[in-house]
Amino acid sequence: MASVPFDQLDGYIWMNGEFVKWGDAKIHVLTHGLHYASAVFEGERAYGGEIFKLTEHTERLHESARILGFTIPYSVAEIEDASRELLKKQGFTDAYVRPIAWRGSDSMGVSAQANRINVAIAIWQWPSYFDPEQRLKGIRLDIAEYCRPDPRTAPSKSKAAGLYMICTLSKHAAEAKGYADAMMLDWRGQVAEATGANIFFVKEGKLLTPTPDCFLDGITRRTVIGLAKRRGIEVIERAIMPEELEGFEEAFLCGTAAEVTPVAEIGKYTFTPGQITKTLMDDYTAEVQPKRAAAE
Ligand SMILES: Cc1ncc(COP(=O)(O)O)c(C=O)c1O
């Protein structure tokens, strides 16, 4: 599958209310979303035939669009139904789900008040975001040169395509140096997150994670916090300075795509994936499985 370009995969894509053949889900080159990044998207995973936290993701898609100043012309329920139907139509039980909404091609220019809002959903198989072997040993992260922007500089609460420009740049720079990904600091120099996942640390049996005040408060992040609390692990959300990494014992990333991924190195700092990371990895794996009716 890896060698097949994404525009040539099989099946269907849901686009503006219809299921269209995968290869026919096209847009015009003069699309506002392409030129001016007026697009918002989600990343979801289906496990055992059910999309994990689908409503939270779909509500966030709506909220991301609202922050960018447009309204998605399909309700949360309509998008959820389309996502579930598409998952069945694609014939997958475990898969990655990508809804996206963008301003269309009715007019070109920075202002695009009347451009049609388009919505599409694609579903494909995507087993592990990071190399599975590397993942268990702990991945290696560089520290990115680009910083997460001040919320006065960019709409940081929106899962907006434009915010990924610095993520791709940072990830490419890290990969060129042999790292799996990069940890990004924010505009104040505080630890923020990776290029597509949130970050956690363990110190003296407690879980630490940066306060999400200028980056995405991930759905997986919130899930992991809940799982840790359920285990009686204290969770501290606070500003974390990069120098503090010296004294941290474990580190891991989490996100829909990354799930819970142990980290072995961040720049000059090293970590040993330990009991808390392993427990949360296992708890997350159990948590995402569909909760069947008690009768089963
Ligand atoms: C930049 C960034 N941060 C954090 C996350 C984690 O968010 P979630 O757990 O909602 O997938 C993602 C993935 O969507 C992301 O792209």
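Here is what the cut-offs are and how they apply
- Residues numbered from 1 in each chain as written.
- Predicted model: local features only at pLDDT ≥ 70, side-chain atom pairs only at ≥ 80, totals over all residues.
- UniProt positions renumbered as here; feature names shortened; annotations may be inferred.
- Near = placed C-beta within 6 Å.
- Helix = DSSP H or I, 4+ residues; strand = E, 2+ residues; numbered from the N terminus.
- Nonpolar A, V, L, I, M, F, W, Y, C, P; charged D, E, K, R; others polar.
- Axes fitted to C-alpha atoms, helices over the stretch in contact; angles between N-to-C directions.
- Parallel < 35°, antiparallel > 145°, perpendicular 65-115°, else oblique.
- Left-handed = near helix turned anticlockwise from the far one by under 90°.
- Contact = placed C-beta atoms within 7 Å.
- Buried ≥ 20, exposed ≤ 12 C-beta atoms within 10 Å, placed from the backbone.
- Domains from an automatic or database assignment.

- An unreviewed UniProt entry lists the chain under the name Branched-chain-amino-acid aminotransferase, from Aquamicrobium aerolatum DSM 21857.
- We quote the UniProt Sequence similarities (unreviewed entry) comment for the chain here in full: "Belongs to the class-IV pyridoxal-phosphate-dependent aminotransferase family."
- The Function (unreviewed entry) field of the UniProt record for the chain holds the comment "Acts on leucine, isoleucine and valine."

**Remarks on the site of the ligand**
Alright, step 1. Around the ligand sit 13 residues, and of these Gly218, Ile219, Thr220, Gly255 and Thr256 come closest.
Alright, step 2. In terms of residues, the shell around the ligand owes the most to one element, helix 6 (residues 219–230), which gives three residues.
Alright, step 3. Of the residues belonging to the shell around the ligand, the class tally is four nonpolar, seven polar and two charged.

**Things to note about the packing of helix 2 (residues 54–67) against helix 3 (residues 76–90)**
Alright, step 1. Interhelical geometry of helix 2 versus helix 3 gives an angle of 125° and a closest axis separation of 10 Å. Judged by the inter-axis angle, helix 2 sits oblique to helix 3. Regarding helix 2 and helix 3, the two cross each other, and that crossing is right-handed. Seen from helix 2, the contacting residues are Leu54, Thr55, Thr58, Glu59, Leu61 and His62; seen from helix 3, they are Val76, Ile79, Glu80 and Ser83.

**Digging into the environment of Met281**
Alright, step 1. Along the chain, Met281 turns up in helix 7 (residues 275–287).
Alright, step 2. Assessed through the 20 C-beta atoms surrounding it within 10 Å, Met281 is described here as buried.
Alright, step 3. Between the alpha carbons of Met281 and Ala174 there is a distance of 25 Å; along the sequence they are 107 residues apart.

**Examining the domain arrangement of the chain**
Alright, step 1. Entries for the chain in the domain assignment read domain 1 (6–124) and domain 2 (132–287).
Alright, step 2. Put simply, the middle of domain 1 and the middle of domain 2, counted by C-alpha atoms, are 26 Å apart.
Alright, step 3. Residue-level contacts link 16 residues of domain 1 with 10 residues of domain 2.
Alright, step 4. Elements supplying a minimum of two residues to the side of domain 1 that touches domain 2: strand 3 (39–41), strand 4 (44–47) and helix 2.
Alright, step 5. Element by element, the count of residues in the side of domain 1 that touches domain 2 is highest for helix 2, at five residues.
Alright, step 6. Across the side of domain 1 that touches domain 2, the residue classes break down as seven nonpolar, three polar and six charged.

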